Every structure is written in C-alpha cells, then in structure tokens.
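Given next are the chains, with one letter for each unit.
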There are 2 protein chains.
Amino acid sequence: MTTAPGTFDPRKPLTPDGQTYHGDHAYAFYQIPVDARKLPIVMWHGAGQFSKTWETTADGREGFQNLFLRRHYGVYLIDQPRRGDAGRSSVETTIKPVPDEQLWFNQFRIGLWPNYFNGVQVARDAQSREQFFRAMTPNTGPFDMGVVSDGVSAIFDRIGPGILFTHSQGGGPGWLTAIKNDKVKAIVAFEPGSSFVFAEGEVPAPIPSAFDTVQGAAVPIEQFMALTRIPILILYGDNIPEQAVDLPAQDSWRARLKMARLWRDAVNRHGGDVRLIHLPEIGIHGNTHFPMSDLNNVQIADLVAQFLKEKQLD
Amino acid sequence: MTTAPGTFDPRKPLTPDGQTYHGDHAYAFYQIPVDARKLPIVMWHGAGQFSKTWETTADGREGFQNLFLRRHYGVYLIDQPRRGDAGRSSVETTIKPVPDEQLWFNQFRIGLWPNYFNGVQVARDAQSREQFFRAMTPNTGPFDMGVVSDGVSAIFDRIGPGILFTHSQGGGPGWLTAIKNDKVKAIVAFEPGSSFVFAEGEVPAPIPSAFDTVQGAAVPIEQFMALTRIPILILYGDNIPEQAVDLPAQDSWRARLKMARLWRDAVNRHGGDVRLIHLPEIGIHGNTHFPMSDLNNVQIADLVAQFLKEKQLD
C-alpha cells in the first residue's frame, strides 16, 4: 500500500493528497467441488494470457478448469498481478494496440501463418481462430518476476497446500513461487518459457536461438534445493525442431526445450524429481503451445491426472 | 479487426507489418445450473470494477453470482470492453497508479472517511476493507458508451434473450444495450450513474451537484421507445440526501437519484414500466452503492427475485 503525502479533503476527492492505493495483488476465481480431493490446483496463465487459458477452449469445449473439477479437484484460476482482473498496478504503464496476431499464431505453434501444421490439434474455423486471438489481455504494469511470484505465493498462504499448474511465461515465476512457499506441493509446467533457475555456479551456457537467447538465472543453492523436494512434471507439445532453424517461432522453442532438459538434469542431480515429457516422444502428436486447450486436451488431462495419482497427490 | 499495412514476415515477428489485431470485445464467464430458468441473467459492473462485483463479497460471503445460480438462473458475469479480462483495447492508453481509495470510500457511500455511516451494511474489519479496495481494475482504453454497449449487445446476440443487471456506470450503456438489442428482456439497474437517455426534446434541465452536473442524453424517440417495452427496476441505497449538501460524494447521488426519478416518469409517461425503489423508503436501511454485496444482499436478492417473478421473467 502507498499513501500520498498530505491530508485527504472530502471536498476535493479528485486530489490524491492523503489517499491510499493498494495494488500488485493476484486475482483468483475458485470452485471447490463436493467431495474434493485433498489438494486443490492453482492454474497460472502465460504471457499475454489470463484465466481464460484454463476456461472454455477457443472452439467452445471444456478446458482444464472443468476437466479437473469433474475429477474432484478444487480449482483456482488466477490473473497474475498487473494482468486482467488483477490490473491495479503500482507502476505506471502505457498500453499500445500493436497488431501482433500472426506473431502469436506462429509463436504458439499453430502453424506457419497462414498455414496450419499438418495434424495440429486446433479447430481451423474462422470463429475459433478469432476467439483464440481475443483470448489475450495486456499487462497493466511492467512484468516483474518478483511481484507476480509474491502474488501467487500469497494465494497459497491463503488457501494452504496445493498443486501449481503453470503455462509458458508463468513457468519461471512458478519456480520462484515454490522456492518462496512450501505450500506448493507439486508443479505441472506446460511449455515453460525461458526463465529456469539454477543453483549459483551451475547455470549452463546461454542457448542462442533465431528469436532470442535463453539464459538460466542463478539462485542460492538453499533456494534451489526447494525445487528438489516436490514432484515436477514438464510437458512440451509438437513441432519443436531438435536442430536449429531460421524461423524465430520454431527455434525459440528448440532453445527452451533444450534448456528445460538441462534444468531437469540439474534438479535431479541434486536429488529432485523432475519428469520432462516431450509429447511426440510418447506418441502424442500435433499439440501446440496450449496442450490444456488443444483438441486432445482430455488426453492431456488424463496424462496429468495419472502423474498426480502416481505421486500420491490425488 | 485492424490490419497493419505491409506483409507479415515470419522472420521479423516483432514488426507489425501485415499483422492483425482484434480488440474492444466484452469477456463473459458463465454458469448454467441444472434445471435452469428460461432467461439467464447478464451481470454488468460499474466504473473501476469488473466481474468481482457479483462474485464473493469483500468479507467473503456469496455474491449475486451464486445467490442467483442457487435460484436456478443462468448467470453471465462480464468484463466490459477495455476493462479487466477484456483488456485488449483498440485505443492506446496510459494507466497511472493515483491514490484514490478515500474518494471511493466516500463515493460508494460507506461513510465519510475514516468513519463508517451508522448502520451501514458493510463489514468494518481491516481485511474486508482492503479486499474492497483491491476489487478494482483500471480501464485499458478510453471509456466509450458505444463500444461497451456494442460489446454487451454482442453477448445477447450470442446467448439469446436474457435479463440485464447493471451497476452504476453500467447503467447508462445498459439503456443503450436495450435500445440496440431486443433480446434484453428486462433491466435491473443498481444505482445507475449519470447517463440517462431521454427522447429528443424531452431532456430535463441539467442537475448541478457539489461533485459534477448530471445531464440527460438525447436519443431519437424511436430508440427511446425500446425502453418502454421492457420491465425495469431501479434500486438506490441509503445515505443519499434529499437536499443539497456540500459533500461531493453525497451530493452526487442526490443529483443522480433526482435524475433517475425524472427518467422513470419520462419512460412511464410513454407507456413504460419502470419502478424505482429508494431502499430506505421501503424500510431497508444502510445500503451502500453496492447493494448486491452489502451485508443484507440476500434480502436484496429476494427483492429482485420477487420483481422478476411478478414480471413473469422467472
């Protein structure tokens, strides 16, 4: 909370003097089913996204919100601080409507605009595509790993032990949230982005790509060890090349998947329990950057539910 | 949709050339109960607010979302275009974190900061107050009556006939939505703000207040007549003076209530069915600007449900 200097005058309400401002909180919408399992799931969106990621899909099917409610998990959908319904930011920002949807079509690995990948797990009608493009909302303040992980950690303080699902950009601050708060009992990370945290002295060499350079971040070993104490599942979809290509969208995911494998190995070397599944390697094809809303999202939910069962988190 | 000039180059994805942008849509979260009544309710927030208005209350009780789901109404909660999860605006804007909470405490008629009104229907603990302050989110583009009413009208096009609940600033564009779309079968307006629409030639004289001047807007008589064809209920809470006072927060509501009464009379003069209830006049005391989340919100829900039953909308 901040307070403006001076004294509030009720006859001059539009003057900030002496007034307060609360911001930078997360926002959560939750549903707890009858006969709920012991641990709820907190579902955290990625860059440019919000709770919608987990709600109905662009073509109108049920998303992970309902699919896991049906499996008797309590489900918390969040908007991270400075995004969507948690838009009250402590830092000023300017939002510009810059045309960017072909970037996202490619970056989210639906295809190479205007073509869809063969066998890609998305509906191709115009209405679904429009709904997909509209399922974005801008940052209302600067993206800040510390602020957003503090916000999500505060949710766990409020609700108690739970499972964290992250998507894309939420992956990096998701690791920080588990470091900050031991009420995070497991993480399922869908296509985590570039922010993997390593123990100091163990950060791998940066991995350049045609889009950007993926760099690990260093944290003290005591903090890193928190990530070895919980089961972690990482999922990546299809159409990620193993060799460098000159298309930024594809190549960025090659570099991220490569860094994710290094991270898995680093955590497991310290006694952790990280499993990374590149879906095509187990015969599941056509997934985009959004496995939780792709046409085969029930199959993906089955896979995740099986992991939670195996780890006795259900 | 807008399209930037030029041709999209997948090797330069951060350049807008040839890329598209969709924005200015509303966002809706909905739940349809088993054995739903024939008409769902679309719940529309006011200024600075979002779907939260109708969700859980600041002190953690159920809001109108659940209270009306329990009464077997389908419930749609919206974020209007350029607010919250519908943040993708077609117009650039800058968001400034200006301390303003004492303004809202007074303007929403909780009390005269830092004092609460005697008997006011809100929890007074610090946590509830903080949650109340945090239940705001900024505009991500200029507020535009046409854009927001188009967005909500599009929801009715999608879902079919329904009942519209509006709050505060949502009141004005709510009237426009009913003019634009005959699928709006009734309106319940909670403390509508200053934008009342009258037939051309029938706009009353502006009503000055210590906060601002309340002015009616003119629409062609054919458009105005749409508002005479549906039942409308308007509710105002407590602590609205009948005589002018020099406190902007109180006096602004005196002027709005006065204009609302003129509007009721104008619509009814043309054969309409507008009922305006100033809650203290029927013995319901202590309501703030948020009757749907005040401590007596079940009583308010009863009152509204009775109206819907009487008008055979249930």
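Residues numbered from 1 in each chain as written. Chains lettered and ligands numbered in written order. Predicted model: local features only at pLDDT ≥ 70, side-chain atom pairs only at ≥ 80, totals over all residues. Heavy atoms only, no water.

1. Some details on the packing of aromatic side chains
This model, assessed by the stated rule, comprises 45 aromatic pairs over all chains. Taken together, a centroid distance of 6.1 Å and an interplanar angle of 90° make the contact between F108(A) and F132(A) edge-to-face. On the criterion of sequence distance, the pair formed by F108(A) in the loop between helix 2 (101–107) and strand 7 (111–112) and F132(A) in helix 3 (residues 126–134) is long-range, its members being 24 residues apart. Judged by its relative accessible area of 5%, F108(A) falls in the buried class. Ring centres of F64(B) and F165(B) lie 6.5 Å apart, and the angle between their planes is 65°; on these two criteria the pair is classed as edge-to-face. Of this pair, F64(B) sits in helix 1 (residues 64–70) while F165(B) sits in strand 9 (residues 162–167), placing them 101 residues apart in sequence. (Phe/Tyr/Trp six-rings, centres within 6.5 Å; stacked < 30°, edge-to-face > 60°. Helix = DSSP H or I, 4+ residues; strand = E, 2+ residues; numbered from the N terminus. Buried < 20%, exposed > 50% of the residue type's maximum accessible area, 1.4 Å probe, protein only.)

2. Focus on the relation of the copies chain B and chain A
Expressed as a screw operation, the relation of chain B to chain A combines 0.0 Å of axial shift with a rotation of 180°, fitting to an RMSD of 0.0 Å. Accordingly, the operation relating the two chain copies is best matched by a two-fold axis. In this assembly the copies share their binding face: 100% of the residues contributing to the interface of chain B also contribute to that of chain A. (Least-squares fit on C-alpha atoms with pLDDT ≥ 70 in both. Contact = heavy atoms within 4.5 Å.)

3. Here we look at helix 7 (residues 248–269) of chain B
Residue and element names in this part refer to chain B. The terminal C-alpha atoms of helix 7 lie 31 Å apart, and with 22 residues this matches the ideal 32 Å at 1.5 Å per residue to within 8%. In terms of burial, helix 7 is largely enclosed, as 16 of its 22 residues are buried. G271 occupies a position one or two residues after helix 7 and carries a positive phi of about 95°. (Expected span 1.5 Å × (residues − 1).)

4. A short note on the pairing of strand 5 (residues 75–79) of chain A
Residue and element names in this part refer to chain A. Taking burial as the measure, the five residues of strand 5 include five buried ones, the bulk of the element. Burial along strand 5 is two-sided: V75, L77 and D79 and Y76 and I78, pointing in opposite directions, are all buried. Where strand 3 (residues 27–31) and strand 5 come together, five bridges link them in antiparallel fashion. The residue bridging Q31 from the neighbouring strand is V75, located in strand 5. (Pairing = 2+ DSSP bridges.)

5. Some remarks on the interface of chain B and chain A
In many analyses, interface size is given as the accessible surface area lost on bringing the parts together. Residue-level contacts link 60 residues of chain B with 60 residues of chain A. Taking both partners together, chain B and chain A bury about 5,300 Å²; carbon and sulfur atoms supply 54% of that area. Per-residue buried area on chain B facing chain A is highest for D85(B), P99(B) and R134(B); these three make up 12% of the total on that side. At the junction of chain B with chain A, the criterion picks out eight salt bridges. Between R88(A) and E101(B) there is a salt bridge; the shortest N-O distance is 3.3 Å. (Buried area = accessible area lost by both parts, 1.4 Å probe. Salt bridge = Lys/Arg side-chain N within 4 Å of Asp/Glu carboxyl O.)

6. Some remarks on the packing of helix 4 (residues 145–159) of chain B against helix 5 (residues 171–180) of chain B
Residues and elements named next belong to chain B. With their axes 9 Å apart at the nearest point, helix 4 and helix 5 run at an angle of 50° to one another. Classified by the angle their axes make, helix 4 and helix 5 are oblique. The two elements helix 4 and helix 5 cross, and the hand of that crossing is right-handed. Taking contact as the criterion, the partners of M145, G146, V148, S149, D150, V152, S153 and F156 in helix 4 are, on helix 5, G172, P173, L176, T177 and K180. For the contact of helix 4 with helix 5, the residue count by class is six nonpolar, five polar and two charged. (Axes fitted to C-alpha atoms, helices over the stretch in contact; angles between N-to-C directions. Parallel < 35°, antiparallel > 145°, perpendicular 65-115°, else oblique. Left-handed = near helix turned anticlockwise from the far one by under 90°. Nonpolar A, V, L, I, M, F, W, Y, C, P; charged D, E, K, R; others polar.)

7. So, the sheet that holds strand 4 (residues 41–44) of chain B
Sheet strands line up and pair through hydrogen bonds in the backbone, either parallel or antiparallel. Residue and element names in this part refer to chain B. Overall, mixed pairing links the seven strands, which are arranged 3-5-4-9-10-15-16 in an open sheet. Each edge of the open sheet carries a strand with a single partner, namely strand 3 (27–31) and strand 16 (273–278). Averaged over all neighbouring strand pairs, the angle between strand axes comes to 20°, with direction disregarded. In this structure, strand 10 (residues 184–190) lies alongside strand 15 (residues 231–236), joined through four bridges in parallel fashion. Paired with A189 across the two strands is I234, which belongs to strand 15. Helix 4 rests against strand 3, strand 4, strand 5 (75–79), strand 9 and strand 10 of the sheet, and its axis sits at about 165° to strand 4. Of the strands in this sheet, strand 4, strand 9, strand 10, strand 15 and strand 16 touch helix 8 (residues 297–310), which is tilted by about 165° from strand 15.

8. Overview of the sheet that holds strand 10 (residues 184–190) of chain A
Residues and elements named next belong to chain A. The sheet built from seven strands is open, its strands ordered 3-5-4-9-10-15-16 with mixed pairing. Each edge of the open sheet is held by one strand with a lone partner, namely strand 3 and strand 16 (273–278). Looking at each pair of strands side by side, their axes are set apart by 20° on average, direction ignored. Each of strand 4 (41–44), strand 9 (162–167), strand 10 and strand 15 (231–236) touches helix 5 (residues 171–180); the most contacted strand, strand 10, lies at about 170° to it. Along the sheet face, helix 8 (residues 297–310) touches strand 4, strand 9, strand 10, strand 15 and strand 16 and points at about 165° away from the line of strand 15.

9. Examining the UniProt feature "domain: AB hydrolase-1" (unreviewed entry) in chain A
Following the UniProt record, one finds the feature "domain: AB hydrolase-1" (unreviewed entry) at residues 41–257 of chain A. Within the segment residues 41–257 of chain A, helix and strand shares are 29% and 21% respectively, and the terminal C-alpha atoms sit 24 Å apart. (UniProt positions renumbered as here; feature names shortened; annotations may be inferred.)

10. What about the pairing of strand 9 of chain A?
Residue and element names in this part refer to chain A. Most of strand 9 is tucked away: six of the six residues are buried. Every second residue of strand 9 is oriented toward a common face, with G162, L164 and T166 on one face and I163, F165 and H167 on the other, all of them buried. As paired elements, strand 4 and strand 9 share four bridges and run parallel to each other. Among the inter-strand pairings, V42 is bridged to a residue of strand 9, identified as L164. Relative to strand 10, strand 9 is paired through six bridges, and the arrangement is parallel. Bridge pairing in strand 10 links H167 to F190. Crossover handedness for the path strand 9 to helix 5 to strand 10: right-handed. (Right-handed = clockwise from strand over helix to strand, strands pointing away.)

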